[in-house]
Amino acid sequence: MVLLSTLGYVGAAVVGVGWVCRIMFSRNFETHDASDEEDVQGKVVLITGANSGLGKVTTFEMAKRGAKIIMASRNLELTNSVVAQVRKMYPSSELTAMKLDLGSLESVREFAKEVQAKFDKIDILINNAGVYAPLKKQMKTVEGYEFNFGVNHVGHFLLTNLLLDLVKAAAPSRIVVVSSRRSDSAKLSFDDLMLEKENPETSKIDPYSNSKYANLLFAKELSNRLQGTNVNVYALCPGWVKTDLARYADLTWKQYIIMVPVAFIFMRTPRQGAQTILHCALSRKVRQETGQFYRDCTHWSPKSAVTDEAAQQMWTVSESLAKLK
Ligand SMILES: NC(=O)c1ccc[n+]([C@@H]2O[C@H](COP(=O)([O-])OP(=O)(O)OC[C@H]3O[C@@H](n4cnc5c(N)ncnc54)[C@H](OP(=O)(O)O)[C@@H]3O)[C@@H](O)[C@H]2O)c1
């Protein structure tokens, strides 16, 4: 009896301390300043990965502001259920759910054609969809590309290029690239972008980090190429957010035991994570900026080498991987 009540007190104390740490830590999470944003009423916003996590919250936020939203993701059934949830809250919202598999160049081309047929401009393109898959799972895209790199980078590279005329038609317009601070751990070699020379069981290279570094290089080169067009490019890290991103990770129970308390204290909710996406997509403050990186609704300096040279090289390689030329 005494043991049970002691355990109860200890448990309650641990949970209490956890809550206090979480509250203290989450004070650092900046909130997007909604009083300083551009009006998106009636504007076309395309969001990839709109049916889950950060993309879902961003969809709700854009619907609240009266934007016309193109919701792109693989699972149309799930996307349609999110459409119903958004309409329940914002009955007059204009939502178009469309199928897009960024792991298939053919799907990206079909999707882009469909968008071109239905819309004459895109005011804000949000490249948000993403996967995290460990190398040892050996997952590949339809074209046989390493899964993280193929979906997170090559798919979005092709998509953006195919839709660029629509984004230019809406200028001043914005392209928002959701990257990650995990790009700091990238070990990317242009000789082995698909990590085929690595032993998947023992490799120390994280393919997700490489793909998120590729996102930064893409945003950098895209912004350089779009100078003078009034299409501005923003890349960001949303922070560590509680979403379904780790669905392919297969954590062991030991990892879970370590992760759960750490995640409880440090992880953001999807709403907290979406703040920097909203900042880059809507803020007046950053209207004139392009080719820069953001975290916590302010500028962020990634540790990886996002040089013009690397960005140009990545662009050239990506054109051929995406079969753009
Ligand atoms: N969560 C974090 O801690 C964190 C941290 C830094 C950066 N990020 C970035 O934030 C972005 C959003 O991720 P999230 O955390 O919100 O994860 P999530 O809840 O798993 O959402 C990912 C979205 O991407 C879509 N998607 C996955 N594969 C796709 C494909 N092949 N084609 C089209 N859509 C695809 C998914 O929908 P379907 O499965 O229906 O296709 C889903 O809507 C990602 O780019 C991620 O790298 C997340």
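Heads up: the structure comes first, above all this text.
Remember, it's a predicted structure, so these values are computed and weren't measured experimentally.

### Comments concerning the nonpolar core
- Leu46, Phe111, Val115, Phe149, Leu163 and Ile175 are the most contacted members of the largest nonpolar core, which has 57 residues in total.
- Where this core is concerned, the elements lending two or more residues are strand 1 (44–48), strand 2 (68–73), helix 4 (105–118), helix 5 (147–169), strand 5 (173–178), helix 6 (207–225), strand 6 (231–237) and helix 10 (308–321).
- In terms of residue count, helix 5 provides more of this core than any other element does, 11 residues in total.
- In contact with Ile175, other than residues within four places in its own chain, are Leu125, Asn127, Thr160, Leu164, Val167, Leu222, Leu226, Val231, Asn232, Val233 and Tyr234.
- In this structure, Leu95, Ile126, Leu236 and Ile277 belong to the second largest nonpolar core, which totals 31 residues.

### Structural notes on the sheet that holds strand 1
- One open sheet holds the 8 strands; their spatial order is 3-2-1-4-5-6-7-8, and the pairing between them is mixed. For this open sheet the edge positions go to strand 3 (94–99) and strand 8 (298–299), each flanked by a neighbour on one side alone.
- Pairing of strand 6 with strand 7 (residues 292–295), which is carried by 4 bridges, proceeds in the parallel orientation. Considered in strand 7, the bridge of Leu236 is made with Tyr294.
- Contacts from helix 9 (residues 275–282) reach strand 4 (124–127), strand 5, strand 6 and strand 7, with the element oriented near 155° to strand 5.

### What to know about the site of the ligand
- Around the ligand, a shell composed of 30 residues is seen, among which Asn51, Ser52, Asn128, Tyr208 and Thr243 lie nearest.
- Leu100 is positioned such that a nitrogen or oxygen atom in its backbone is 3.3 Å from a nitrogen atom of the ligand.
- At 2.7 Å, a backbone N or O of Val241 approaches an oxygen atom of the ligand.
- Taken by itself the ligand offers 880 Å² of open surface, and the protein chains cover 97% of this.

The rules behind these values
- Counting restarts for each chain: residues are numbered from 1 in the order of the written sequence.
- Only residues with pLDDT of at least 70 get local features here, since the model is predicted, and only at 80 or more are side-chain atom pairs given and counted; chain-wide, interface and lining totals rely on the full set of residues.
- The basis for the side-chain values is all heavy atoms of the structure; hydrogens and waters are excluded.
- Nonpolar core, defined: a set of buried Ala, Val, Leu, Ile, Met, Phe, Trp, Tyr and Cys residues in which side-chain atoms within 4.5 Å join the residues together.
- Residue burial is assigned from relative accessible area. The probe radius is 1.4 Å, only protein chains are included, and a residue is buried under 20% of its type maximum, exposed over 50%, and partly exposed in between.
- A helix here means a DSSP run of H or I that spans at least four residues, while a strand means a run of E at least two residues long, and both kinds are numbered starting from the N terminus.
- Any two residues having at least one pair of non-hydrogen atoms within 4.5 Å are treated as being in contact.
- Two strands qualify as a pair provided that DSSP identifies no fewer than 2 bridges between them.
- With axes taken as lines fitted to C-alpha atoms, and helix axes fitted only over the stretch in contact, angles between N-to-C directions fall between 0 and 180 degrees.
- We call a residue near a molecule or strand whenever a single non-hydrogen atom of that residue lies within 4 Å of it.
- A 3.5 Å cut-off defines polar contacts: any pair of N or O atoms within that distance qualifies, except that in protein one atom must be a possible hydrogen donor and the other a possible acceptor, and neighbouring residues in sequence count only when both atoms are side-chain atoms.
- For accessible areas, the Shrake-Rupley method is used with a probe of radius 1.4 Å. Any residue's cover is judged against the shown protein chains and nothing else.

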